Amino acid sequence: MFFVVTTFLSYLTYTYEFQRVFDINIRRVLVLLDLRKENTLATWFSSMLFLMTGLAFVLLGWGSNFKNWQRFIFKLTAVGAVLLSADEVASIHETVGKWIQRALEDLITFLPIGGGGFVWVLLFAPIAIAGLIATVIALHQIVKFQRKAAIALWIAVLCLPAVFMFEILEWMLHSFQSEKLKILTCWEEMFELLGMYSLFICAVLIAGRHKL
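Residues numbered from 1 in each chain as written. Predicted model: local features only at pLDDT ≥ 70, side-chain atom pairs only at ≥ 80, totals over all residues. Heavy atoms only, no water.

(A) Representation of the nonpolar core. Counting 38 residues, the largest nonpolar core has Phe57, Leu60, Phe74, Leu139, Leu199, Cys202 and Ile206 as its most contacted members. Of all elements in the fold, only helix 1 (2–12), helix 3 (41–61), helix 4 (68–90), helix 6 (120–140), helix 7 (147–173) and helix 8 (183–209) reach the threshold of two or more residues within this core. Counting residues per element, this core draws most heavily on helix 8, which supplies ten residues. What Leu199 contacts, discounting residues up to four positions off in sequence, is Thr53, Phe57, Leu139, Leu153, Ala156 and Leu160. (Core = buried A, V, L, I, M, F, W, Y, C linked by side-chain atoms within 4.5 Å. Buried < 20%, exposed > 50% of the residue type's maximum accessible area, 1.4 Å probe, protein only. Helix = DSSP H or I, 4+ residues; strand = E, 2+ residues; numbered from the N terminus. Contact = heavy atoms within 4.5 Å.)

Written as structure tokens, this is what we have:
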């Protein structure tokens, strides 16, 4: 939650320049701890969380305690989480979105294209949601008798789809160019971090129970 708090503080202090405290510019420190910014400590932490989630699903996918179809889904989840870890620091989906926007802006004029490369949602969101549904189905069969793992799983189910909802809302409101609307990105990052952490905890609890 530390980086969630610093992200909201970074948003709230966007228009302020603090005086130095012990020769430290507080505003610049908050920017380094902002999940919305690229190449920051917060982004590194988020990327590591995705990577650890992928490694947790490696334990489930390459274990022998589950059915073949469950292990297959866990393997795909592990690969997906590792790819998302790389994307978190490389901003691949935003880059792809901006490229598609430039290539198709004359063809898809019915969409609120804007300038933020939001078109990536149309490509990656269906894949991500389908993958999440498959993972949840596979996990649900296992967490029936693990209360803590089940709670973590359902927190992930509530939080992760909300990330795309906020992204689409940002896309729809992008043309207004209002600074107040940027708080949506703070909520988006919060739900992403909380959802992925919950999925990680769920996988770790299952792995621990099965001694993987």
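(B) Quick look at the packing of helix 7 against helix 8. Look at helix 7 against helix 8: their axes get within 7 Å of each other, and the N-to-C directions meet at 155 degrees. Comparing their axes, helix 8 and helix 7 come out roughly antiparallel. The chirality of how helix 7 crosses helix 8 is left-handed. (Axes fitted to C-alpha atoms, helices over the stretch in contact; angles between N-to-C directions. Parallel < 35°, antiparallel > 145°, perpendicular 65-115°, else oblique. Left-handed = near helix turned anticlockwise from the far one by under 90°.)

(C) Layout of the packing of aromatic side chains. All told, the structure shown has four aromatic pairs when counted by the stated rule. Plain terms: the ring middles of Phe57 and Phe74 are 5.9 Å apart, the flat faces sit at 50 degrees to each other, and that makes the pair tilted. Taken together, the positions of Phe57 in helix 3 and Phe74 in helix 4 put the pair 17 residues apart, joining distant regions of the chain. Judged by its relative accessible area of 0%, Phe57 falls in the buried class. On the numbers, 6.4 Å between centres and 40 degrees between planes, the contact of Tyr197 with Phe200 is tilted. Linking Tyr197 with Phe200, this pair stays in helix 8, spanning three residues, or about one helical turn. (Phe/Tyr/Trp six-rings, centres within 6.5 Å; stacked < 30°, edge-to-face > 60°.)

(D) Quick look at helix 8. Compared with the 39 Å implied by 1.5 Å per residue over 27 residues, the 39 Å span of helix 8 between its first and last C-alpha is a close match. The positive-phi residue at the C-terminal boundary of helix 8 is Lys211, with phi of around 55 degrees. (Expected span 1.5 Å × (residues − 1).)

(E) Inspection of the side chain of Thr135 at higher detail. Structurally, Thr135 can be placed in helix 6. For Thr135, a relative accessible area of 4% puts it in the buried group. Reaching out from Thr135, the side chain makes a polar contact with the backbone oxygen of Gly131 at a distance of 2.8 Å. Ignoring anything within four residues of it in the chain, the contact list for Thr135 reads Phe57, Ile73 and Thr77. (Polar contact = N/O pair within 3.5 Å; in protein donor to acceptor, adjacent residues only side chain to side chain.)

(F) Looking closely at helix 3. Given a rise of 1.5 Å per residue, 21 residues ought to cover 30 Å, and the 30 Å separating the end C-alpha atoms of helix 3 matches this to within 8%. Taken residue by residue, helix 3 has Ala42, Thr43, Ser46, Ser47, Leu49, Phe50, Thr53, Gly54, Ala56, Phe57, Leu60 and Gly61 as its buried positions.

(G) Region of interest: the environment of Val204. Take Val204: it is sitting in helix 8. Sequence separation between Val204 and Leu59 is 145 residues; the distance between their C-alpha atoms is 8.6 Å.

(H) Examining the confidence of the model for the chain more closely. The predicted model of the chain has a mean per-residue pLDDT of 79, with 76% of residues at 70 or higher. Looking across the chain, the model is least confident in helix 5 (residues 92–104), with a mean pLDDT of 63, and most confident in helix 3, with 91. (pLDDT = per-residue confidence, 0-100.)

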